[in-house]
Amino acid sequence: MGPGLFAGVGLTSLATLMLQVSLTRLFSVALWHHFAFMVVSIAFLGYGASGTFLMMVPRIKTLSLRPTLALLALGFSVTTLGAYWSSNIIPFDPARIIWDRYQWVYLLGYYGVLAIPFFFAGLILALVYTSKAEAINRLYACDLVGAGLGCVAIFSIYSFAGEAGTVVFVCLLSVFASLAFSTNGWKVNLVRGPWMLLLCVLVVMRPGFLSLNISPYKALKVALRYPDARTLETQWHPAARLDVIESRAVRFAPGLSLEFQGRLPEQLGLCLDGGHLNAVTRFTGNMDRLAFIEFLPASLPYAIGDPDHVLIIEPLGGLDILIARYHGAKNIVTTNTNPLVLRVMRDSLKDFSGKLYEDEATAVEEQARSFLLKTPKRFDVIQLPVTDSLGAVSSGLYGLSEDYTLTVEAFKAYINALTPKGLLTVSRYLLPPPRHEPRLVALAYAALEAIGVKNPERHIAAIRSWGTFTLLVKRSPFEPQEIGRIKGFCGRLRFDLVYYPEMQRAEANKYNRFPGPIYHDMIERILSPRTREAFFNAYLFDVRPVTDDRPFFYHNFRMDKVISLYRAVGNKWQLFLEGGYLIHLIFFQAVVISLVLITLPLKKAGLPPLSWFLSYFALIGIAFMLTEICLIQRFILFLAKPVYAFSAVLFSLLTASALGSYTISDFGFRIADSSLLLRSDTKSSFPKIQNPKSKIQNALSRFPVLVMTPVLLLAYAFLLDRLLMLAIAWPLWMRYGFAFLVILPLGFLMGMFFPTGVRTLSLYLESAIPWAWAVNASISVVGSVLAVLIAISFGFKTVLLLASLSYALALSLLAIIRIGRPRVRSQQNV
């Protein structure tokens, strides 16, 4: 084997990982965040189909290896561009899936066309692993290194290539992989040369037919349909896409009192990922032009007192900075995790916004919680503002989004950072039926209780306008004069009181009327120890407080209340569009498709002896995905930004796994001593083992390092959060290094399992290696969805515990096959 084979494998994995990340970003923009989750399923299903295909058509293995790989890599390149273009013209739109039955057909079309390039990539790897099983450790290491580098390379590629350009760059990488496999063959070169030239032209020209087709129901497209609307600027980053737009739809004044009779200042829209629409208000320094601020619910904390030190979390376009400045606050700090927002606010929108992020506030590019752990400052007001001007339309579609700013631990951090009379204020759009509002109150109560506050209900107040809900949490109990100011503020602007200590029910629901004071009644039941648990158990939605272990604030789905909810909303399914409901559909389709791919080879191969060992590959596939997704989620808070956590964790995990795979050759491929190999009936599926306990222990002693994997996962499950909290206040570059060191030992061990299994299978049932590849990839699909389902219901700690159990069972199967079956190199087809 020459270096070209290893280089080709690495380049293929590099291109595949970059394609997967690119499609994730494209789905987030074109559709919605939770549909990007399908990309993981699509990628692994393509991989699984490749293994199944190789089992069903074994004659491919008789072809000359290097030219075949070169042709497959070229096919990967061509189908990548074709799949992107095809998916862009398929009229799939999740917003129409409830009433348009053809959307399910279009969804299948999405799956079909996007799985094709992953099928080609998977076929390359399956063919290499099958043909060169004796070098599986080095080949698998190159595979993992290439994928790890893809996590880092995607940042630089996005900066200059944009969405479509990144996909074209993936196509170029695939051509380089084809050249690494083989430069021979005039017919292949006749296609390869012009194709490379065309790709280079596409990267430079960026033709319109490659532009991303965004759903017409997303906020960006809705706003651009207004007369004379236009896009002023578009920027891409691996974390987000940002569009600056001019449109009459941009009227951002959340909950503005109907008592206001004036006109809003000119505003420009900031649209994140095509669906999250905020606004930048023109500010020339003339405070008289900002009179509308007096009529906003966000002015309430300034009506209660005279705060000077204010912290605003993710202000985006900066309206809340203007509110604080309007009311006389001098020391304003903002935390910002989106680099694109800061870039445009400090550059192209600097003059329009009145240098808002330079002269009016101190902008910190960091996650709020890590900032609060480092700063000695204490704040009179900490504000979590409304940031989406079309929030009532879109916020129901974030059921699978983790949010570490809205957990019990986050609220504890906010409250502890307040001055003795400081206020935490959280505003959200009203989104009937009520679910986010009662959960906010439950969070506040749980956080106050956790820090030892007696009578937490005396520290909470809430109001609502016609369209927003504002929660106030005070470090000390609300005083009578403060309650009087809240009542006066609401009476003057005709906002409704929802709750304050000892409030009478008749005071609620006076101006913006519901059939009854439903929000007041809910909060009263949540804040009363006698009725809280009964309310949580009976309510149609899950509104219990969420923690860092289950940071899904917007997930309110309850499986046990589906029928009751369906009837309560008038036998309509629109509400079930939320991500929390769709995840169960995605899991169901992943299981069905995986079973088809795994069982299809039975038609040709039957059920040979030792086929039970394929479950080893299922176990390590599901364990790897459970661990990977859990680690990514655990490091989101630690590394401040989801995209950085994704990149850092995957790079660390895959690089460490590559090192483990390469190292396994020194000790992991030693077969158990011949005295441990007992003859068994060749027709039986399981070996007959005498004195099984001692034999398994002896066999496992051959893999002492592998045995540490489930033990280490148990330690991570119970100690990882505490370990990360010790370093969360470090500088970001130090946290990256710390993350790599934390992940290194676990990744090193996890990288040994797959090559050990393939090498073992090559000694006993070599022709089933493609089947093992299909099983591993297909079950990985199930594992990726299962990790989210378990985390939503039981937390990420449970996910790691299940991963530990899966690795322990895999080790047991490895021990059984090593001690109970003589070596039989089966060269014929299974």
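Given the structure is predicted, the values throughout are model-derived calculations rather than measurements.

Draft legend 1. Structural detail: the overall build of the protein. Regarding its fold elements, the protein presents 29 helices and twelve strands. Here the analysis covers contacts within the protein between residues at least 6 apart in sequence; of these, 77% occur between residues at least 24 apart.

Draft legend 2. Region of the structure containing helix 1 (residues 3–30). The end-to-end C-alpha distance of helix 1, which contains 28 residues, comes to 40 Å, matching closely the 40 Å that a straight helix rising 1.5 Å per residue would cover. Most of helix 1 is tucked away, with 24 of its 28 residues classed as buried.

Draft legend 3. Representation of the sheet that holds strand 10 (residues 460–464) within the structure. Here we have eight strands laid out as an open sheet, ordered 7-6-5-8-9-11-10-12, and mixed in their pairing. Sheet topology places strand 7 (362–364) and strand 12 (496–499) at the edges, where each strand pairs with a single neighbour. Each strand axis lies, on average, 20° off the axis of its neighbour in the sheet, ignoring direction. One ladder, built from seven bridges, connects strand 9 (residues 418–429) with strand 11 (residues 468–474); its direction is antiparallel. Note that in strand 11 the partner of Ser427 across the bridge is Thr470. The strands that helix 17 (residues 518–527) touches are strand 10, strand 11 and strand 12; relative to strand 12, the one it contacts most, it runs at about 20°.

Draft legend 4. Representation of the pattern of salt bridges. Per the counting criterion, the structure on display carries 20 salt bridges. Taking the shortest distance from any N to any O, the salt bridge between Glu266 and Arg282 comes out at 2.9 Å. Taken together, the positions of Glu266 in the loop between strand 2 (240–246) and strand 3 (267–272) and Arg282 in the loop between strand 4 (276–281) and helix 9 (300–304) put the pair 16 residues apart, joining distant regions of the chain. Notably, a salt bridge pairs Asp496 with Arg464, separated by 3.5 Å at the nearest N-O pair. Remark: Arg464 occurs in strand 10 and Asp496 occurs in strand 12; sequence separation between them is 32 residues. The same class applies to Asp496 as to Arg464, namely buried. One network of salt bridges, in which partners are shared, links Glu366, Lys374 and Arg735.

Draft legend 5. Broad picture of the sheet that holds strand 1 (residues 230–237). Reading across from one edge, 1-2-3-4 is the order of the four strands in this open sheet, with antiparallel pairing throughout. Both edges of this open sheet fall to strand 1 and strand 4, since each of them pairs with a single strand only. Each adjacent strand pair in this sheet contributes to an overall mean axis angle of 20°, direction not counted. Across six bridges, strand 3 lies against strand 4 in antiparallel orientation. Residue pairing across strands places Cys271 opposite Leu277, the latter belonging to strand 4.

Draft legend 6. Spotlight on the packing of aromatic side chains. On inspection of all chains with the given rule, the structure shows 28 aromatic pairs. Look at Trp612 and Phe613: their rings are 6.1 Å apart centre to centre, the planes differ by 85°, and that puts the pair in the edge-to-face class. Trp612 sits in the buried class, given a relative accessible area of 9%. By relative accessible area, which is 0% here, Phe613 ends up buried.

Draft legend 7. Broad picture of the pairing of strand 8 (residues 379–384). Burial within strand 8 is extensive, with five of its six residues counted as buried. Sheet topology places strand 5 (residues 309–313) next to strand 8; three bridges connect them, and they run parallel. In the sheet register, Val310 faces strand 8, and the bridge partner there is Val381. Taken together, the five bridges between strand 8 and strand 9 define a ladder with parallel strand orientation. Across the sheet, the residue bridging to Val381 is Leu423, located in strand 9.

Draft legend 8. Structural context of the nonpolar core. Core analysis: the largest hydrophobic core is formed by 227 residues, its most contacted members being Phe292, Phe617 and Phe635. The greatest single-element share of this core, amounting to 21 residues, is contributed by helix 6 (residues 136–181). If we skip the residues at most four places from it in the chain, Phe292 touches Ala253, Leu256, Phe260, Leu264, Pro265 and Leu319. Val364, Ala417, Val441 and Leu471 belong to the second-largest nonpolar core, a separate cluster that totals 52 residues.

Draft legend 9. How the structure looks around the side chain of Glu437. Examined against the element boundaries, Glu437 turns out to sit in helix 15 (residues 436–450). The charged side chain of Glu437 is buried without a salt bridge, its nearest counter-charge being Arg435 at 6.7 Å. When neighbours within four sequence positions are excluded, Glu437 is seen to be in contact with Tyr429, Leu430, Leu431, Phe469 and Tyr519.

Draft legend 10. Region of the structure containing the environment of Ser780. Tracing the chain through its elements places Ser780 in helix 28 (residues 769–794). It is 9.6 Å that separates the C-alpha atoms of Ser780 and Phe617, two residues lying 163 residues apart in sequence.

Draft legend 11. Quick look at helix 16 (residues 480–493). With 14 residues, helix 16 extends 20 Å between its outermost C-alpha atoms, agreeing within 8% with the 20 Å of an ideal straight helix rising 1.5 Å per residue. Along helix 16, the residues that are buried comprise Glu482, Ile483, Ile486, Phe489, Cys490 and Leu493. Along the long axis of helix 16, the arc covered by the buried residues comes to 120°, so they all point the same way. More than 90 degrees from the buried face of helix 16, the exposed residues found are Pro480 and Arg492. For helix 16, the secondary structure elements touched by its buried residues are helix 9, strand 10, strand 11 and strand 12. Immediately beyond the C-terminal end of helix 16, within one or two residues, lies Arg494, with a positive phi of roughly 60°.

Draft legend 12. Layout of the packing of helix 6 against helix 27 (residues 753–764). Following both chains from N to C, one finds helix 6 and helix 27 inclined at 145°, their axes separated by 9 Å at the closest point. In this structure, the crossing between helix 6 and helix 27 has a hand that is right-handed. Residues Ile136, Asn137 and Tyr140 of helix 6 touch helix 27, and the partners they reach there are Phe754, Pro755, Val758 and Arg759. Each residue belonging to the contact of helix 6 with helix 27 can be placed in one class, and the counts come to five nonpolar, one polar and one charged.

What counts and how
Residues numbered from 1 in each chain as written. Predicted model: local features only at pLDDT ≥ 70, side-chain atom pairs only at ≥ 80, totals over all residues. Heavy atoms only, no water. Helix = DSSP H or I, 4+ residues; strand = E, 2+ residues; numbered from the N terminus. Contact = heavy atoms within 4.5 Å. Expected span 1.5 Å × (residues − 1). Buried < 20%, exposed > 50% of the residue type's maximum accessible area, 1.4 Å probe, protein only. Pairing = 2+ DSSP bridges. Axes fitted to C-alpha atoms, helices over the stretch in contact; angles between N-to-C directions. Salt bridge = Lys/Arg side-chain N within 4 Å of Asp/Glu carboxyl O. Phe/Tyr/Trp six-rings, centres within 6.5 Å; stacked < 30°, edge-to-face > 60°. Core = buried A, V, L, I, M, F, W, Y, C linked by side-chain atoms within 4.5 Å. Lys, Arg positive; Asp, Glu negative; His and termini not counted. Arc of directions from axis to C-beta. Left-handed = near helix turned anticlockwise from the far one by under 90°. Nonpolar A, V, L, I, M, F, W, Y, C, P; charged D, E, K, R; others polar.

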